[in-house]
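Architecture at a glance
Given next are the chains, with one letter for each unit.
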Amino acid sequence: GIVIDHRWRLPCRVGGGIRSVERAREVLASGAHAVIASSALFRDGMVDLGFARALADAVGAERVIAAVDSRGGHVVIHGWKTILPITAIEAVRALEPYCAEFLYTHVDTEGLMQGTDMDAVMAVRLATARRVTAAGGITTWDEIDRLDTAGVDAVVGMAGYTGQVPLERG
């Protein structure tokens, strides 16, 4: 599990292991501003509306970020190992009432350093009025700018720490 040092209350959003309302409350009480729920939002191949509703009711939808990961056009859970029969768009539409934001990862391009699938990200952007943060293969300032113009925040992982995307523009 996650150990949060109670001496520090930095503005953060915590994900990983948010499988119950109790755990979400604990993480938020420890200082996190929001929780990122992922695999627990799905059950039997579908969105678990019961858990999504319970989580939103307990901590407030404004403090819930729904992580929706997609590979091959379908939602994947459990560390991207379990493929569900629903699409990211279907998941986003079902979860929208229960969260303030979506963290969308396009797993197909994650870590490949070859760019992201802009069409897939934009389809998620158009499917919801909620804030969207995209991850998965974002490797250039041009992509970051295009996402920003569309109102999408970008997560830059490998491209940032390898220096392909310099922290400051040249």
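Details of the structure are given in the entry above.
All figures in this text were calculated on a predicted structure; none of them were measured in a lab. All chains use their own residue numbering, which begins from 1 and follows the written sequence. Only residues with pLDDT of at least 70 are given local features in this predicted model, and only at 80 or more are side-chain atom pairs given and counted; all residues enter the totals for whole chains, interfaces and linings. Only hydrogens and water are set aside when side-chain values are computed; all heavy atoms of the structure are taken into account.

Observations regarding empty space enclosed by the protein
In this analysis the probe radius is 1.4 Å and the grid spacing 1 Å, with only protein atoms considered; a cavity is a set of points the probe fits into but cannot get out of, a pocket is an open set with protein on both sides within 12 Å along at least five of seven lines, and lining residues have an atom within 4 Å of a point. Grid points are joined across faces, edges and corners, and a volume is the space filled by probe spheres set on the points. Scanning the entire structure with this criterion turns up one cavity of 30 Å³ or more. Empty space within the largest cavity amounts to approximately 40 Å³. What lines the largest cavity is Leu41, Ala52, Leu55, Ala56, Val64, Ala66, Leu95, Tyr98 and Cys99. In DSSP terms, a helix is any run of H or I states spanning at least four residues, a strand is any run of E spanning at least two, and both are numbered starting from the N terminus. Secondary structure elements with two or more residues in the lining of the largest cavity: helix H2 (49-59) and strand E5 (64-71). Residue type decides the class: Asp, Glu, Lys and Arg count as charged, Ala, Val, Leu, Ile, Met, Phe, Trp, Tyr, Cys and Pro as nonpolar, and the leftover types, Gly among them, as polar. Counted by class, the lining of the largest cavity contains nine nonpolar, no polar and no charged residues.

Regarding the packing of helix H3 (residues 88-95) against helix H4 (residues 118-127)
How two helices sit against one another is set out by the angle between their axes and by the gap between those axes. Note on definitions: angles span 0 to 180 degrees between N-to-C directions of axes, and those axes are lines fitted to C-alpha atoms, for helices only across the stretch in contact. Orientation of H3 relative to H4, taken along the N-to-C sense of each, is 25°, at an axis distance of 9 Å. Relative to H4, the element H3 lies roughly parallel. H4 is crossed by H3, and the crossing has right-handed handedness. Counted together, Ala88, Ile89, Val92 and Arg93 of H3 and Ala123, Val124 and Ala127 of H4 form the full contact between these two elements. Partitioning the contact of H3 with H4 into residue classes produces six nonpolar, no polar and one charged. Roughly parallel refers to an angle under 35 degrees, roughly antiparallel to one over 145, roughly perpendicular to one between 65 and 115, and oblique to any angle outside these ranges. Here a crossing is called left-handed whenever its near helix is offset anticlockwise from the far helix by less than a right angle, and right-handed whenever the offset is clockwise. Whether two residues touch is decided by their heavy atoms; if any such pair falls within 4.5 Å, the residues are in contact.

Quick look at the pairing of strand E6 (residues 74-77)
Here a strand pair is declared whenever DSSP counts at least two bridges between the two strands. Judged from the two bridges that link them, E5 and E6 form a sheet pairing that is antiparallel. Looking across to E6, one finds that Arg71 is bridged to His74. Turn length for the E6-strand E7 (residues 82-83) hairpin, with the two strands adjacent in sequence and antiparallel, is four residues, and the turn residue His78 shows positive phi of about 55°.

Some details on the environment of Cys99
Mapped onto the elements, Cys99 comes out in the loop between H3 and strand E8 (101-106). Spatially, the C-alpha atoms of Cys99 and Glu62 are 6.0 Å apart, while their sequence positions differ by 37 residues.

Points about the pattern of salt bridges
The rule for a salt bridge is simple: a side-chain nitrogen of Lys or Arg has to be within 4 Å of a carboxyl oxygen of Asp or Glu. Inspection of every chain in the model, using the stated rule, returns five salt bridges. Residue Glu101 is joined to Arg131 by a salt bridge in which the shortest nitrogen-to-oxygen separation is 3.8 Å. Of this pair, Glu101 sits in strand E8 while Arg131 sits in strand E9 (residues 131-135), and the two are 30 residues apart along the sequence. Shared partners join several salt bridges into a network, and the residues in it are Arg13, Glu101, Arg131 and Asp153.

A short note on the environment of Leu84
Within the secondary structure, Leu84 is located in the loop between E7 and H3. Residues Leu84 and Ser70 lie 14 residues apart in sequence; the distance between their C-alpha atoms is 9.4 Å.

Remarks on the side chain of Thr116
Its location among the elements puts Thr116 in the loop between E8 and H4. Given a relative accessible area of 13%, Thr116 falls into the buried group. Any pair of N or O atoms that falls within 3.5 Å is considered a polar contact. Within protein, one atom must be able to donate a hydrogen and the other to accept it, and sequence-neighbouring residues count only if both atoms are side-chain atoms. Within the structure, Thr116 has its side chain in polar contact with the backbone oxygen of Gly136 (distance 2.8 Å). Setting aside residues no more than four positions away along its own chain, Thr116 makes contact with His106, Thr109, Val121, Gly136, Gly137, Ile138 and Glu143. Exposed residues in this analysis have more than 50% of their type's maximum accessible area, buried residues have under 20%, and partly exposed residues fall in between, with area computed by a 1.4 Å probe over protein chains only.

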